[in-house]
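Coordinate inspection notes
Read off the chains here:
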Amino acid sequence: MHRFHLPPERCAGAALRLDGREAHHALHVLRLKHGELVTVLDGAGNEFMCTVKDAARNVINLSVSLKNFVPAAPCAITLLVAVPRGKIIEGIIQKAVELGVGRIVPLLTERVVTYLDGEGAESKRDKWQTVAIEAIKQCGAAWLPKVEAPMTIGQFLARPGKFDLALVGSLQRDRRHPRELLREFETKHGRLPQSVGVWIGPEGDFTAGELETIQHSGAQPVSLGKLVLRVETAAVYCLSFLNYELQRD
């Protein structure tokens, strides 16, 4: 069944309307016809099973036949990842959506030469949020992760709020397996963490100063195995582990 996305404020009532990019894709790529069944996701946990009622040149009207709510994951995972060169970040966002991340924070780090002013950062954020939307449509995720505008480590840490558990992928000697830290947390608190932040550095890792700043904020260095991983591999490694350990049905 084909999936589409509409924001929550446009999903009230028994009739929904696709326009813009969604309608163009439905009409000119999928060539949907009257009576076909589709799913609409609002990114806030709601799935709408719909029937195509009528299709005009640039609009498709849908009739809602069933609404289903999917509860949020038990642990809110935030991926804080250094922006790599090229379009690699788009693949990271896609995989992060598939692995149940709740928020993605692209980081501007010292070892990645990327300059973005306020307008450029917002433009990137909008583009990457669209990548996340396409990803939930592909995999059927009911919750749309928020993609932040690119920011420095200091800018993120200046914000209020902390994670139950923060991990940073590291190549240093005192790193530990993330399972040890999860078990320690569970033993101490009698429950699994409800929010986790995962820091992933650029090629060549964070600088010593960046690592010190991140660890000073409470993040604990974790091992990602014996080999040196690319940014995208490191992100998938960590998120796969956390999805298996924390996002229990």
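Residues numbered from 1 in each chain as written. Predicted model: local features only at pLDDT ≥ 70, side-chain atom pairs only at ≥ 80, totals over all residues. Heavy atoms only, no water.

**Focus: unusual backbone geometry**
The following threshold applies: Strands here are runs of E lasting at least two residues and helices are runs of H or I lasting at least four, both read from the DSSP assignment and numbered beginning at the N terminus. Here the term buried applies to any residue with accessible area under 20% of the maximum for its type, exposed to any over 50%, and partly exposed to those in between, with areas from a 1.4 Å probe on protein chains only.
Notably, Arg 31 is not glycine yet its phi reads approximately 55°, a positive angle. Of note, Arg 31 is situated in the loop between helix H1 (20–29) and strand E3 (37–41). Given the relative accessible area of 54%, Arg 31 is considered exposed. Despite not being glycine, Asp 205 has its phi angle at roughly 75°, a positive value. Relative to the elements of secondary structure, Asp 205 occurs in the loop between strand E10 (195–200) and helix H6 (208–216).

**What about the packing of aromatic side chains?**
Worth spelling out the cut-off: Classification of ring pairs uses Phe, Tyr and Trp, with its six-membered ring standing for Trp, and accepts pairs whose centres are within 6.5 Å; under 30 degrees between planes counts as stacked, over 60 as edge-to-face, and the remaining range as tilted.
Throughout the structure, instances matching the rule amount to three aromatic pairs. Seen in terms of ring centroids, Phe 69 and Trp 143 are 6.1 Å apart; in terms of plane orientation they differ by 75°. Their pairing is edge-to-face. Taken as a pair, Phe 69 in strand E5 (residues 60–69) and Trp 143 in the loop between helix H3 (118–139) and strand E8 (146–147) lie far apart in primary sequence, 74 residues in all. Given a relative accessible area of 47%, Phe 69 falls into the partly exposed group. Residue class for Trp 143 comes out partly exposed when judged on its relative accessible area of 35%. Ring centres of Phe 156 and Phe 163 lie 6.2 Å apart, and the angle between their planes is 15°; this geometry places the pair in the stacked category. Assessed through its relative accessible area of 8%, Phe 156 is described here as buried. Connected via pairs of aromatic rings, a cluster forms that spans Phe 156, Phe 163 and Trp 199.

**Here's the deal with the sheet that holds E5**
For clarity, the threshold we go by: Only strands that DSSP links by at least two bridges are regarded as paired with each other. As a rule, the C-alpha atoms of each element are fitted with a line to give its axis, helices using only the stretch in contact, and angles between N-to-C directions run from 0 to 180 degrees. Contacts are assigned to residue pairs that have any heavy atoms within 4.5 Å of one another.
What the five strands build is an open sheet, ordered E1-E3-E4-E5-E2; its pairing is mixed. With partners counted over all chains shown, the strands left at the sheet margins are strand E1 (2–5) and strand E2 (15–18), one partner each. When strand polarity is set aside, the average angle formed by the axes of neighbouring strands in this sheet is 40°. Bridge count between E1 and E3: four bridges; the pairing is parallel. Each bridged residue has a counterpart across the sheet, and for Phe 4 the counterpart in E3 is Val 40. Contacts from H1 reach E1, E2, strand E4 (46–55) and E5 within the one sheet, and its direction differs from that of E1 by about 160°.

**Notes on helix H7 (residues 231–246)**
Every α-helix winds through 3.6 residues per turn, so residues three or four apart in the chain are directed the same way. The test is simple: A helix is expected to span 1.5 Å multiplied by its residue count minus one. The arc in question is traced by the directions running from the helix axis to the C-beta atoms.
Taking 1.5 Å as the rise per residue, H7 with 16 residues should run 22 Å; its terminal C-alpha atoms sit 22 Å apart, in good agreement. Within H7, the full set of buried residues consists of Val 231, Ala 234, Ala 235, Cys 238, Leu 239, Phe 241, Leu 242, Glu 245 and Leu 246. Across the axial projection of H7, the buried residues extend over an arc of 155°, all falling on one side.

**Considerations on the nonpolar core**
Test applied: Nine residue types can take part in a nonpolar core, namely buried Ala, Val, Leu, Ile, Met, Phe, Trp, Tyr and Cys, and a core is a set of them joined through side-chain atoms within 4.5 Å.
Counting 40 residues, the largest nonpolar core has Leu 79, Ile 93, Ile 200 and Leu 242 as the members making the most contacts within it. Listed by contribution, the elements that provide at least two residues to this core are strand E6 (76–82), helix H2 (88–98), H3, strand E9 (165–169), helix H5 (178–189), E10 and H7. The element that contributes the greatest number of residues to this core is H7, accounting for eight residues. Ile 93 has contacts with Ile 104, Trp 128, Val 131 and Ala 132, leaving out every residue within four places of it along the chain. Val 38, Phe 48, Ile 60 and Leu 62 belong to the second largest nonpolar core, which has 17 residues in total.

**Considering the pairing of strand E7 (residues 103–107)**
What counts here: Place the viewer so that the strands point away; then a crossover is right-handed whenever the path from the first strand over the helix to the second strand goes clockwise.
The element E7 is extensively covered by neighbouring structure, given that four of its five residues are classed as buried. Across five bridges, E6 lies against E7 in parallel orientation. Residue Leu 79 lies in a different strand from E7, and its bridge partner there is Ile 104. For the handedness criterion, the β-α-β arrangement of E6, H2 and E7 is classed as right-handed.

**A look at the side chain of Glu 148**
Where we set the bar: Polar contacts, as counted here, are pairs of nitrogen or oxygen atoms within 3.5 Å of one another; within protein the pair requires one atom able to donate a hydrogen and one able to accept it, and residues that are adjacent in sequence qualify only if both atoms are side-chain atoms.
Inspection of the secondary structure assignment puts Glu 148 in the loop between E8 and helix H4 (153–157). The class of Glu 148 is buried, set by a relative accessible area of 6%. A polar atom in the side chain of Glu 148 sits 3.1 Å from the side chain of Arg 159.

**Looking at the sheet that holds E7**
As a general point, the strands of a sheet are linked pairwise by backbone hydrogen bonds and lie either parallel or antiparallel. Pairing is parallel in the open sheet, where six strands are placed in the order E8-E7-E6-E10-E9-E11. Only two strands of the sheet have a single partner each, and these edge strands are E8 and strand E11 (220–222).

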